[in-house]
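Letter by letter, the chains look like this.
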Amino acid sequence: MKPRITLELVLRTVKEYFLMFFGMMLYSFGWIGCILPANGVGGGAAGLSLVLCTALENIGFHIQIGTMVFLINAVLLIVAGFIVGWNFGIKTIFCVLVISVGMNFWQDVLPEGNFLGIDNLLAIVMGGILAGAGIALCFSQGGSTGGTDIVAMIINKYRTISYGKILIYSDFVIIASSLLVGKGISAVIYGYVMTAVVGYTVDMIMAGSRQSSQVLIVTHDYEKMADAIAQNIHRGVTLIDSQGWYSKEKSKIVMVVCRKSETAMILKFVKTIDPDAFLTVGSVMGVYGKGFQAINKV
């Protein structure tokens with residue numbers, strides 16, 4: 001049964017594609033506006049495209065990076081289609097097209113050289129942050145940048161290897177291969193720095209938007225503690241049966257899941273009600289249900 005088309009569905013779809021478009025334009029600007037002028041390299045389809053474009057320029061043939069990104073992804077999509085099936089999402093194809101067009105657009109309109117006037121290392125870091133933010137925006141809307149994602153699909157058809165390992169191995173090989181086309185060791189180092197910055201940025205944005213805290217409080221005043229948290233912070237409280245092994249005394253643990261910004265307030269209540277309480281605070285990535293992210297949006 002096909003979902004009924006409503007105004008809300010249309011607006012949500014438009015929003016998703018707009019954010020993916022913005023993210024991919026941000027990603028392409030990070031490459032063309034920051035990484036390329038700093039003589040840096042990177043991993044993924046964009047990094048491989050840069051290596052291949054440099055190799056072709058060495059023999060007198062010029063092709064834009066965006067065009068090479070499109071050709072690489074097109075070949076990967078066709079190969080993957082025959083191996084794992086033609087079940088690619090429209091969002092993946094959309095993002096691949098926007099990256100290709102975006103890179104060519106920025107390469108045409110931006111001045112050549114280091115037009116930002118900043119140190120190469122800072123340009124690499126800035127490019128990595130912009131590229132990582134663009135990827136995170138794409139991922140958050142259910143999109144994919146192609147490249148390594150497609151390679152992972154093909155490899156996992158025959159062997160179960162984690163996406164992280166495939167990403168690390170492929171990026172290592174692509175960045176190291178830049179030495180074969182005349183790039184110096186500094187470009188390789190910049191490439192590894194850029195890859196680390198991209199990965200860290202994606203993780204921080206993706207996790208930060210969903211990260212919450214889980215607080216476990218061991219106290220004899222658990223009823224008073226639970227009431228204070230429920231009435232003042234308006235968070236649900238769960239009591240867990242517990243027993244101290246040394247004292248053999250039975251009690252209850254107060255468990256609260258809250259936003260990170262609310263953690264400090266809970267700690268203040270704990271200190272006020274029971275200064276001798278024992279508590280742990282842990283980060284939780286992805287909390288679904290009432291008061292947090294809706295399950296139907298997973």
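As a convention, each chain's residues are numbered from 1 in the sequence order in which they are written. Where totals are concerned, whole chains, interfaces and linings use all residues; where local detail is concerned, this predicted model gives features only for residues with pLDDT of at least 70, and gives and counts side-chain atom pairs only at 80 or more. Only hydrogens and water are set aside; all other atoms, that is, all heavy atoms of the structure, feed into the side-chain values.

**Student:** What should I look at first to understand the overall build of the protein chain in this one?
**Tutor:** The secondary structure content of the protein chain amounts to 10 helices and 4 strands. Secondary structure of the protein chain in N-to-C order comes out as α-α-α-α-α-α-α-α-β-α-β-β-α-β. Considering the protein chain as a whole, with its 298 residues, one finds that 42% of them fall into the buried category. A sequence separation of at least 24 residues applies to 72% of the contacts in the protein chain between residues at least 6 apart. Reported accessibility uses the Shrake-Rupley method at a 1.4 Å probe radius. Residues are deemed covered only where the shown protein chains occlude them. Accessible area of the protein chain: about 17,100 Å², with a carbon and sulfur share of 65%. Under the scheme used here, helices are H or I runs from DSSP no shorter than 4 residues and strands are E runs no shorter than 2 residues, and both carry numbers assigned from the N terminus. The buried label goes to any residue with under 20% of its type's maximum accessible area, the exposed label to any with over 50%, and the partly exposed label to all in between, with areas taken from a 1.4 Å probe on protein chains only. Any two residues whose heavy atoms approach within 4.5 Å are treated as being in contact.

**Student:** What is the right way to look at the packing of aromatic side chains in this model?
**Tutor:** The geometry of an aromatic ring pair comes down to the distance between the two centres and the angle between the two planes. In summary, the pairing rule links any two rings of Phe, Tyr or Trp, Trp by its six-membered ring, whose centres are within 6.5 Å, and it sorts them by plane angle into stacked for under 30 degrees, edge-to-face for over 60 and tilted for everything else. Tallied over the full model, the rule gives 4 aromatic pairs. Relative to Phe94, the ring of Tyr17 has its centre 5.0 Å away and its plane inclined at 80 degrees; by these criteria the two rings are edge-to-face. Within this pair, whereas Tyr17 is found in helix α1 (residues 7-35), its partner Phe94 is found in helix α4 (residues 90-109), the two being separated by 77 residues in sequence. By way of ring pairs, the aromatic residues Phe29, Phe105 and Trp106 are connected into one cluster.

**Student:** Help me out: how do you make sense of the side chain of Thr219 in this one?
**Tutor:** With respect to the helices and strands, Thr219 occurs in strand β1 (residues 211-219). Judged by relative accessible area, which is 3%, Thr219 ranks as buried. At a separation of 2.5 Å, a polar atom in the side chain of Thr219 contacts the side chain of Asp274. In this structure Thr219 touches Met225, Ser251, Lys252, Val254, Asp274 and Ala277, once residues within four positions along its chain are discounted. Here a polar contact is taken to be a pair of N or O atoms separated by no more than 3.5 Å, where protein atoms must pair a possible hydrogen donor with a possible acceptor and residues adjacent in sequence count only if both atoms sit in side chains.

**Student:** Quick question: what am I supposed to make of the environment of Gly30 here?
**Tutor:** With respect to the element layout, Gly30 can be found in helix α1. Linking Gly30 and Val125, residues 95 residues apart in sequence, is a C-alpha distance of 9.5 Å. Other than its neighbours up to four places away in sequence, Gly30 contacts Ile35, Gly127 and Leu130.

**Student:** Before we go on, may I ask you to explain α4 in this structure?
**Tutor:** Residue pairs three or four apart in sequence face the same way in an α-helix, which turns once every 3.6 residues. A helix's residues, less one, multiplied by 1.5 Å, set its expected span. Between the first and last C-alpha of α4 there are 28 Å, a value that for 20 residues agrees with the 28 Å anticipated at 1.5 Å per step. By the burial criterion, the buried members of α4 are Lys91, Thr92, Cys95, Val96, Val98, Ile99, Ser100, Gly102, Met103, Asn104 and Trp106. Here the buried face of α4 lies against α1, α2 (44-58), α3 (65-84) and α5 (120-140).

**Student:** How do you make sense of the packing of α1 against α5 when you look at a structure like this?
**Tutor:** Geometry of a packed helix pair, given as the angle between the helix axes and the separation of the axes. The angle between two axes is taken between their N-to-C directions and runs from 0 to 180 degrees, where each axis is a line fitted to C-alpha atoms and a helix contributes only its stretch in contact. Orientation of α1 relative to α5, taken along the N-to-C sense of each, is 165 degrees, at an axis distance of 7 Å. Taken together, the axes of α1 and α5 are roughly antiparallel relative to one another. The handedness of the crossing between α1 and α5 is left-handed. Contact residues: α1 offers Leu19, Met20, Phe22, Gly23, Met24, Leu26, Tyr27, Phe29, Gly30, Cys34 and Ile35, while α5 offers Ala123, Ile124, Met126, Gly127, Gly128, Leu130, Ala131, Ala133, Gly134, Ile135, Leu137 and Cys138. Note that Gly is not counted as nonpolar here; it falls among the polar residues with everything else outside the nonpolar set of Ala, Val, Leu, Ile, Met, Phe, Trp, Tyr, Cys and Pro and the charged set of Asp, Glu, Lys and Arg. When grouped by side-chain class, the residues that make up the contact of α1 with α5 number 18 nonpolar, 5 polar and no charged. Angles are sorted into four bins: roughly parallel if under 35 degrees, roughly antiparallel if over 145, roughly perpendicular if 65 to 115, and oblique for all others. Working rule for handedness: look at the near helix, and if it is turned counterclockwise from the far one by less than a right angle, call the crossing left-handed; if clockwise, right-handed.

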